[in-house]
Amino acid sequence: MNKTASGSRPSDLLPASVLGLLGARGPMTRTELAAALRVSPASITQVGKDLMSRGMVAELGQLASGGGRPARPLSLVGSAAQIVGVKVAASHLAVVAAKLDGTVTLTRTEPFDVTRPDALDLAARAMRAVLEAVDAPVLGVGVGVPGSVDSLESGVADSPTIGWHNAQIGAALRQKLGVPVLVENDVNALAVAEQVYGVGRRYSTYLVVTIGRGIGCGIVIDGQVYRGADGGAGELGHFPMVEGGQPCPYGHSGCLESLIGSSGLIRRAVEAGFWAADETPTRPDDELAAIRRLAARAATDPVLAEGLFGWAGRWLGTAAAGLVNLLNPETVVILGEGTAQWELWEAGFEHGFRSKLMAARRSLPYVVDPWDEDKWALGAAALVIASSFDKDGATGYQGELVRERLSGAAAGRTRTEV
Ligand SMILES: [Zn+2]
């Protein structure tokens, strides 16, 4: 059997999907499971019976119901399993371990030098230290990288931002860690986390837009992350906004990111006279701190607030409106380090966004999620639990291994071998 082809058959997938969903969201009724997994209630009833007979799922007490048949939620029996996620940045690795419901149990930040020839060895060492510190079976490791990734299963990354070309991340880490490893673009991983823990519970077609050092976008259509022909979709930061304009690291000019990414904002602050050129940070790591200082000044300087952050909000709103007009999503989620200053972006965004939407969509809701440092790595960890309901087989053999481990953990086995 070719284990990497086309993934599991749906009949094999459904029990794992039910286990994964109960692990991620807690007890759910059969009706809720059927709706979330888009299958018939009858098939959930059958799978539930099977999982109960194997001691992996139990029926909780009857819920009060407003008439009709009372609903008894199903709950995962075993599974003290955890998931691990890693966000790779040019200067550091952020690693988290989390319960299946997304509760972070352990978080570490390790300095990291991507330019070193043994960078992947060092990354594996940092991840192994976390795996050893987790007091539960680990279902797998998700890795989020800036840039494009060929597939979650093979995990070959191209990331000009951190100087990785054709980096065989998946293969190297699997071999060094001995657990399933799934690799994905970091913004797509956040979109997956929204599917599991966030807006994906209410919406099936939405955009995840990140602001911060870079500008990114995850596109979820009908419950699936749209990756494009070879994993390169969603480069909103490189959407051309103005003719001419500043060059971006890829050699274009006038991209959205060169306008309102952190280095673009700082350049604008200097050009508009809000800040002296000698205050400009020289290291990319200092940019976000510099933005925080600018925001603090903007609190008492309305001209700076409007001329820098309001201006950035208008550009972002304009770009987001363009995407909404193109893709007709149900909502837009805004995430990333830059949301710390959202109060200052908001009015500009509202104007840029609403004024450029088609009339029928002018009231489209958007959501700004509270941001914290763990979010990138937790997004990567969500790749692991999401592979338990991977209908289209995108996670391949690694996803099958995760599902085996999930079933093992739910059945009370402490470990399944890779
Ligand atoms: Zn560009």
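Thresholds applied
Residues numbered from 1 in each chain as written. Predicted model: local features only at pLDDT ≥ 70, side-chain atom pairs only at ≥ 80, totals over all residues. Heavy atoms only, no water. Domains from an automatic or database assignment. Contact = heavy atoms within 4.5 Å. Buried area = accessible area lost by both parts, 1.4 Å probe. Donors = N, O, S within 2.8 Å, 3.2 Å for Na, K, Ca; no water. Buried < 20%, exposed > 50% of the residue type's maximum accessible area, 1.4 Å probe, protein only. Core = buried A, V, L, I, M, F, W, Y, C linked by side-chain atoms within 4.5 Å. Helix = DSSP H or I, 4+ residues; strand = E, 2+ residues; numbered from the N terminus. Phe/Tyr/Trp six-rings, centres within 6.5 Å; stacked < 30°, edge-to-face > 60°. Lys NZ or Arg CZ within 6 Å of the ring centre and 35° of its normal. Pairing = 2+ DSSP bridges. Axes fitted to C-alpha atoms, helices over the stretch in contact; angles between N-to-C directions. Parallel < 35°, antiparallel > 145°, perpendicular 65-115°, else oblique. Left-handed = near helix turned anticlockwise from the far one by under 90°. Nonpolar A, V, L, I, M, F, W, Y, C, P; charged D, E, K, R; others polar. Expected span 1.5 Å × (residues − 1). Arc of directions from axis to C-beta.

1. Structural notes on the domain arrangement of the protein chain
So, point 1. Each assigned domain of the protein chain is listed with its residue range as follows: domain 1 (10-76), domain 2 (82-194 + 374-410) and domain 3 (204-329 + 337-368).
So, point 2. Once you take the C-alpha centre of each, domain 2 and domain 3 turn out to be 27 Å apart.
So, point 3. With 18 residues of domain 2 in contact, the opposing surface of domain 3 contributes 16 residues.
So, point 4. Both sides of the domain 2 and domain 3 interface together cover about 1300 Å² of buried area, and 52% of this is carbon and sulfur.

2. Comments concerning the coordination of the zinc ion
So, point 1. Distances from the zinc ion to its protein donors, His238 (ND1), Cys248 (SG), His252 (ND1) and Cys255 (SG), fall within 2.1 to 2.3 Å.
So, point 2. Coordination of the zinc ion draws on donor residues from a single chain, spaced H-x9-C-x3-H-x2-C in sequence.
So, point 3. Since its relative accessible area comes to 8%, cysteine 248 is described here as buried.

3. Let's talk about the nonpolar core
So, point 1. One finds Val18, Leu19, Leu22, Leu33, Ile83, Leu139 and Val196 to be the most contacted residues of the largest nonpolar core, which totals 57 residues.
So, point 2. With nine residues, the top contributor of residues to this core is helix H12 (residues 375-386).
So, point 3. Look past the residues within four positions of valine 196 in its chain and what remains in contact with it is Ala24, Arg25, Arg201, Ala382, Ile385, Ala386 and Phe389.
So, point 4. Counting 42 residues, the second largest nonpolar core, distinct from the first, contains Ile215, Leu256, Trp275 and Ala298.

4. Describing the packing of aromatic side chains
Given two aromatic rings, one states the distance between the centres and the angle between the planes to describe the pair.
So, point 1. Inspection of the entire model under this criterion finds eight aromatic pairs.
So, point 2. On the numbers, 6.3 Å between centres and 85° between planes, the contact of phenylalanine 112 with tryptophan 164 is edge-to-face. With phenylalanine 112 in the loop between strand S5 (104-111) and helix H4 (119-133) and tryptophan 164 in strand S9 (residues 164-168), this residue pair connects regions lying 52 residues apart in the sequence. Both residues of the pair, phenylalanine 112 and tryptophan 164, count as buried.
So, point 3. Here tryptophan 371 and tryptophan 376 contribute two aromatic rings whose centre-to-centre distance is 5.4 Å and whose plane-to-plane angle is 75°, an arrangement assigned as edge-to-face.
So, point 4. Taking the relative accessible area as the measure of exposure, tryptophan 376 reaches 12% and is therefore buried.
So, point 5. Here the aromatic cluster, defined as three or more aromatic residues joined through ring pairs, consists of Trp342, Trp345, Phe349, Phe353 and Tyr366.
So, point 6. Above the face of the tryptophan 376 ring, lysine 87 is positioned so that its terminal group lies 4.1 Å from the ring centre.

5. So, the sheet that holds strand S13 (residues 224-225)
So, point 1. A sheet is described by the order of its strands in space; here five strands give the open sequence S13-S12-S11-S14-S15, paired in mixed fashion. Looking along the sheet, the strands with just one partner apiece sit at the ends: S13 and strand S15 (366-368).
So, point 2. With two bridges connecting them, strand S12 (residues 216-221) and S13 associate as antiparallel partners. Counterpart to isoleucine 221 in the pairing with S13 is glutamine 224.
So, point 3. Seen against the sheet, helix H10 (residues 302-327) touches strand S11 (206-210), S12 and strand S14 (331-335) and runs at an angle of roughly 160° to S11.

6. Description of the side chain of threonine 210
So, point 1. Mapped onto the secondary structure, threonine 210 falls in strand S11.
So, point 2. When neighbours within four sequence positions are excluded, threonine 210 is seen to be in contact with Val187, Leu190, Ile215, Gly216, Leu335 and Trp376.

7. Quick word on the pairing of strand S8 (residues 156-159)
So, point 1. Pairing geometry for strand S7 (residues 148-149) and S8, over two bridges, is antiparallel. Paired with valine 149 across the strands is alanine 157, a residue of S8.
So, point 2. The hairpin turn running from S7 into S8, its antiparallel successor, is six residues long, and glycine 155 in that turn takes a positive phi close to 65°.
So, point 3. Of the strand pairs in this sheet, S8 and S9 are connected by three bridges, and their pairing is antiparallel. The partner of alanine 157 across the bridge, within S9, is alanine 167.
So, point 4. Here S8 folds back onto S9, and the loop between the two strands holds four residues, one of which, glycine 163, carries a positive phi near 80°.

8. Observations concerning the packing of H4 against helix H5 (residues 169-177)
So, point 1. Viewed as axis vectors pointing N to C, H4 and H5 meet at an angle of 45°, and their least axial separation amounts to 10 Å. As far as their axial angle goes, H5 and H4 are oblique. Regarding H4 and H5, the two cross each other, and that crossing is right-handed. Residue-level contacts link Leu120, Asp121, Ala124, Met127, Arg128 and Leu131 of H4 to Ile169, Ala172, Leu173, Lys176 and Leu177 of H5.
So, point 2. Tallied by class, the residues present in the contact of H4 with H5 amount to eight nonpolar, no polar and three charged.

9. Observations regarding H4
Since the α-helix advances by 3.6 residues per turn, residues separated by three or four positions end up pointing in the same direction.
So, point 1. With 15 residues, H4 extends 22 Å between its outermost C-alpha atoms, agreeing within 8% with the 21 Å of an ideal straight helix rising 1.5 Å per residue.
So, point 2. Residues of H4 that are buried: Ala119, Leu120, Ala123, Ala124, Ala126, Met127, Val130 and Leu131. Summarising the axial view, the buried residues of H4 lie within an arc of 160°, below the 170-degree limit, and thus occupy one face. More than 90 degrees from the buried face of H4, the exposed residues found are Arg125 and Glu132.

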